[in-house]
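Breakdown of the fold
These are the residues of each chain, in order.
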Amino acid sequence: MLSENLNLFLCNLNVVARRIASDHNLSASQYFTLNAISSIGINMTDLSKRVGIDNSTLTRNINILIKDKLVVKTRSKTDLRGFIIYLTNEGNTIIDLMEKQMNVLIKDMTTDLKSSERENIAEILSKLNWKLSCHFNEL
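The present account deals with the structure reproduced in this document. All figures in this text were calculated on a predicted structure; none of them were measured in a lab. Along each chain, the written sequence defines residue order, and numbers are assigned to residues from 1. Given that this is a predicted model, residues contribute local features only at a pLDDT of at least 70 and side-chain atom pairs are listed and counted only at 80 or more, while totals for whole chains, interfaces and linings are drawn from all residues. For side-chain calculations, the full set of non-hydrogen atoms in the structure is used, while hydrogens and water are omitted.

1. What about the packing of helix H2 (residues 28-35) against helix H4 (residues 55-67)?
Using the following cut-off: Here an axis means a line fitted to C-alpha atoms, over the contact stretch when the element is a helix, while the angle between two N-to-C directions is reported on a 0 to 180 degree scale. Helix and strand definitions here come from DSSP, where helices need a minimum of 4 consecutive H or I residues and strands a minimum of 2 consecutive E residues; each element is numbered from the N-terminal end. Roughly parallel refers to an angle under 35 degrees, roughly antiparallel to one over 145, roughly perpendicular to one between 65 and 115, and oblique to any angle outside these ranges. Here, residues are in contact when the closest pair of their heavy atoms is within 4.5 Å. Amino acids are sorted into nonpolar (Ala, Val, Leu, Ile, Met, Phe, Trp, Tyr, Cys and Pro), charged (Asp, Glu, Lys and Arg) and polar (every other residue, Gly among them).
At a closest axis distance of 10 Å, the pairing of H2 and H4 adopts a crossing angle of 80 degrees. The angle between the axes of H2 and H4 places the two elements in the roughly perpendicular class. Contacts between H2 and H4 pair Ser29, Gln30, Thr33 and Leu34 from the former with Leu58, Asn61, Ile62, Ile64 and Leu65 from the latter. Looking at the contact of H2 with H4 residue by residue, the class counts come to five nonpolar, four polar and no charged.

Okay, here's the thing in structure tokens:
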């Protein structure tokens, strides 16, 4: 039952992410890639792991995002073979716009919930995300 509900929720959330991405002329993969880039940048290997796509797909996405001026790629100072990806000002603006769209949707979805229920959802999601990130870091 839990697995079925989580799978359905992920499918629905994926549809939402695709629609929001489409509003900004992005693919879902590009949407998730942009969202995975922290304010201090991220190397390509870690970014590939974080979004769960192979390096060749990530490279294609990054090249499109560079062309669209949403990210920049600089050579790593610690690994001269690697690159660090940073959001540009335009990239940050797109992230902010997409986050606002997602927040509106979340507010609409949770409007009938009590404040304590919304807090419980946030806490549970935080714990699940932590556990998942620990699991992936072990792989």
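2. What to know about H2
Let me state the cut-off plainly: Exposure is judged per residue with a 1.4 Å probe applied to protein chains only, and the accessible area is read against the type maximum: over 50% gives exposed, under 20% gives buried, and values in between give partly exposed.
Among the residues making up H2, those that are buried are Ala28, Gln30, Tyr31, Thr33 and Leu34. On its buried side, H2 packs onto helix H1 (2-23), helix H3 (44-51), H4, strand E2 (71-75), strand E3 (83-87) and helix H5 (89-110).

3. Some thoughts on the nonpolar core
Applicable threshold: Among the buried residues, those of types Ala, Val, Leu, Ile, Met, Phe, Trp, Tyr and Cys that are joined through side-chain atoms within 4.5 Å form a nonpolar core.
Core analysis: the biggest nonpolar cluster contains 23 residues, and Leu26, Leu34, Leu47, Ile62, Val71 and Met98 have the highest contact counts within it. Looking at this core, the elements with two or more residues in it are H1, H2, H3, H4, E3 and H5. For Val71, the contacting residues outside a window of four places in its chain are Leu34, Ile37, Ile62, Leu65, Ile66, Ile85, Tyr86, Leu87 and Thr88.

4. Description of the packing of aromatic side chains
When we look at a pair of aromatic rings, we describe it by the centre distance and by the angle of the planes. Threshold: In this scheme Phe, Tyr and Trp rings, the latter by its six-membered ring, pair at centre separations within 6.5 Å, and the angle between planes marks the pair as stacked below 30 degrees, edge-to-face above 60, and tilted otherwise. The rule for a charge over a ring is simple: NZ of Lys or CZ of Arg within 6 Å of the ring centre, and within 35 degrees of the ring normal.
Inspection of the entire model under this criterion finds one aromatic pair. Ring centres of Tyr31 and Phe32 lie 5.2 Å apart, and the angle between their planes is 80 degrees; this geometry places the pair in the edge-to-face category. For Phe32, a relative accessible area of 38% corresponds to the partly exposed category. Directly above the aromatic system of Phe83 lies the positively charged group of Lys73, at a separation of 4.7 Å from the ring centroid.

5. Digging into H1
Our working rule: Expected helix span is given by 1.5 Å per residue-to-residue step, counting one fewer step than there are residues. The arc in question is traced by the directions running from the helix axis to the C-beta atoms.
With 22 residues, H1 should reach 32 Å at 1.5 Å per residue; the first-to-last C-alpha distance of 32 Å fits that figure. When H1 is considered as a whole, its buried residues turn out to be Ala17, Ile20 and Ala21. Buried positions in H1, seen along its axis, are confined to an arc of 95 degrees and lie on one side of it. Projecting away from the buried face of H1 at angles above 90 degrees are the exposed residues Glu4, Leu8, Arg19 and Asp23.

6. Re the packing of H1 against H5
The following threshold applies: By the definition used in this description, the sense in which the near helix is turned from the far one sets the handedness, with an anticlockwise turn below a right angle giving left-handed and a clockwise turn giving right-handed.
It is the contact of H1 with H5, at a shortest axis distance of 10 Å, that shows an interaxial angle of 140 degrees. With respect to H5, the axis of H1 lies oblique. Helix-helix and strand crossings are classified by hand; for H1 and H5 the assignment is right-handed. Residues Leu13, Val16, Ile20, Ala21 and Asp23 of H1 lie in contact with H5, whose contacting residues are Met98, Gln101, Met102 and Leu105. The class makeup of the residues in the contact of H1 with H5 is seven nonpolar, one polar and one charged.

7. As for the sheet that holds E2
What counts here: DSSP-based pairing: two strands are paired if at least 2 bridges between them are found.
Reading across from one edge, E1-E3-E2 is the order of the three strands in this open sheet, with antiparallel pairing throughout. The two strands at the open ends of the sheet, each matched to only one other strand, are strand E1 (42-43) and E2. Running at roughly 115 degrees to E2, H4 makes contact with E2 and E3 of the sheet.

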